[in-house]
Amino acid sequence: MDARSIIAVVRDGQGLTTEAAAWFAAGLASGEVSDAQAGAFAMAVFLKGIGTEGRVGLTRAMRDSGQVLDWDLAGPVIDKHSTGGIGDSVSLLLAPALAACGVYVPMISGRGLGHTGGTLDKMEAIPGYRALPGVEALKKVVAEVGCAIVGATDEIAPADKRLYGIRDISGTVESIDLITASILSKKLAAGLDGLVLDVKVGSGAFMARMEDAEALARSLVATANGAGCRCSALISDMSQSLGHSAGNALEVLEVMETLTGSAVNEALWDVTAALGGEALVLAGKAETMDDGAAMIDHALETGRAAEVFGKMVAALGGPLDFVERYPDRLPSAPVLVPVPAPRAGFVTRVDARALGEAVVRLGGGRLVGTDRIIPSVGLSGLAVIGEEMDPGEPLALVHATTADRAEAAVAAVRAAYGLSAEMPEEPPLIHGRIGPEDV
Ligand code: URA
């Protein structure tokens with residue numbers, strides 16, 4: 001087998017066999033496949049597709065191109081993946097809530113991508129937290145605490161790492177085949193028994209249209225199950241920020257307020273319970289999604305999830321008293337400026353992508369890969385669709401490092417909101433579900 005003939009077969013629309021996928025992924029990891037060949041392969045897949053067999057083969061092969069974790073634990077190993085959004089800190093609630101229900105969660109997470117926030121950047125807003133502790137520490141913390149939210153090491157799915165870099169510069173990122181294999185190869189390398197997916201749809205999601213979100217959800221669910229990992233997906237709303245805050249430390253603060261019950265964000269709680277319900281069914285811990293969601297509610301209500309979160313933070317180098325003292329421990333920005341509503345009316349539209357971009361420009365995300373995140377900046381108190389505003393009432397509060405940056409963010413946030421005299425319909429939090437039986 002060689003790269004040239006594999007590329008030619010895909011180019012001619014004849015798919016990718018399991019053997020060819022294995023050869024190509026190994027070649028990507030070892031360097032036997034050149035950059036030019038990897039680019040040509042990505043473009044051939046983008047234009048012709050590789051079908052379900054090809055997606056499963058490529059996912060498995062990229063998973064096996066590096067280290068695949070194995071576990072010897074007293075319960076099932078489960079994770080969640082979100083396709084990315086604004087103010088979406090569900091992972092921080094879900095990992096400890098699932099652990100409190102007897103599930104083990106090695107949550108290997110990513111950093112912010114484009115306008116969307118990243119779980120790892122949020123965790124690093126906690127002083128001292130080691131988000132890249134290595135595989136041995138991950139295994140130890142998962143075994144002892146029940147969950148660990150960490151980043152991938154270079155040994156996890158190296159074929160994807162190489163192919164992703166080449167896709168990024170060859171116009172081949174937006175291929176459902178390649179996105180599927182990329183996301184799942186990294187997740188499945190964590191040795192999961194089950195995976196629940198949160199596929200976002202709306203103005204702040206990568207998939208703004210329902211049909212695209214549904215196609216991605218179907219592809220991910222079919223491929224993960226085909227590769228031997230129980231998987232289902234919820235399609236959830238991203239037509240506005242999920243939390244009232246967007247920005248790393250501000251989102252951690254909102255999570256802690258919800259976990260400790262001091263100021264519960266109901267949207268965050270409900271999406272966490274819905275995804276957790278799915279995850280507990282996949283884990284064999286609940287009969288139905290509703291039973292599973294009730295178990296997550298209980299873990300949140302009783303403070304068990306908060307307790308697990310505190311243990312995870314302490315085990316990974318964060319403050320030992322984080323749950324009790326989080327308002328003092330999190331960094332805060334020096335400049336706070338409200339964004340006044342320009343007139344009276346109901347919030348009818350939010351450009352969630354523009355909110356995410358405003359956070360990035362405040363320093364809460366990266367414009368280039370080498371940018372350093374400023375954890376304290378972002379937006380809080382974000383008004384939601386259906387909320388009635390008086391003139392001058394704040395649509396949000398900007399947290400910035402300088403007055404100039406704050407001013408730019410105020411203008412961006414004001415432009416992101418549409419107000420009207422008509423009360424709009426509020427979007428549902430969950431738009432749909434794709435289970436193994438649907439694909
Ligand atoms: N996230 C990934 O890990 N890979 C993709 O291709 C897209 C999003």
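Since the structure is predicted, the reported quantities are computational estimates derived from the model, not experimental observations.

(A) Region of interest: the domain arrangement of the protein chain. Along its sequence, the protein chain is carved into domain 1 (3-63), domain 2 (78-326 + 430-438) and domain 3 (335-420). On a C-alpha basis, the centroid separation for the pair domain 1 and domain 2 is 28 Å. Counting residues at the interface gives 24 residues for domain 1, matched by 28 residues for domain 2. Carbon and sulfur atoms make up 69% of the area that domain 1 and domain 2 hide from each other, which totals about 2,100 Å². Looking at the side of domain 1 facing domain 2, the largest losses of area belong to Arg55, Met62 and Arg63, adding up to 31% of the total buried there. Taken together, the connections running from domain 1 to domain 2 amount to two salt bridges. A salt bridge links Asp177 to Arg55; the shortest N-O distance between them is 2.4 Å. If you look at where domain 1 meets domain 2, you find seven residue pairs in polar contact (both at pLDDT 80 or more). Put simply, the parts of the chain that give the side of domain 1 that touches domain 2 at least two residues each are helix H2 (18-30), helix H3 (35-48) and helix H4 (51-63).

(B) Geometry of the layout of surface pockets. If you add up the space inside the second largest pocket, you get close to 270 Å³. Around the second largest pocket, the lining comprises 13 residues; the ones closest to its centre are Gln240, Ala267, Val384, Pro427 and Leu429. Taken together, the residues of the lining of the second largest pocket sort by class into six nonpolar, four polar and three charged.

(C) Spotlight on the sheet that holds strand S5 (residues 230-237). Overall, mixed pairing links the four strands, which are arranged S1-S4-S5-S12 in an open sheet. Looking at the sheet topology across the chains shown, the edges are occupied by strand S1 (78-82) and strand S12 (430-434). Strand-to-strand twist of the sheet, defined as the mean angle between neighbouring strand axes without regard to direction, takes the value 20°. Bridging between S1 and strand S4 (residues 194-201) involves five bridges; their strand directions are parallel. What sits directly across from Asp79, in S4, is Leu195. Packed on one face of the sheet, helix H10 (residues 210-226) meets S4, S5 and S12 and runs near 165° to S5.

Rules of the game
Residues numbered from 1 in each chain as written. Predicted model: local features only at pLDDT ≥ 70, side-chain atom pairs only at ≥ 80, totals over all residues. Heavy atoms only, no water. Domains from an automatic or database assignment. Contact = heavy atoms within 4.5 Å. Buried area = accessible area lost by both parts, 1.4 Å probe. Salt bridge = Lys/Arg side-chain N within 4 Å of Asp/Glu carboxyl O. Polar contact = N/O pair within 3.5 Å; in protein donor to acceptor, adjacent residues only side chain to side chain. Helix = DSSP H or I, 4+ residues; strand = E, 2+ residues; numbered from the N terminus. 1 Å grid on protein atoms, 1.4 Å probe; cavity = no way out; pocket = protein on both sides within 12 Å on 5 of 7 lines; lining within 4 Å. Points joined across faces, edges and corners; volume = space filled by probe spheres on them. Nonpolar A, V, L, I, M, F, W, Y, C, P; charged D, E, K, R; others polar. Pairing = 2+ DSSP bridges. Axes fitted to C-alpha atoms, helices over the stretch in contact; angles between N-to-C directions.

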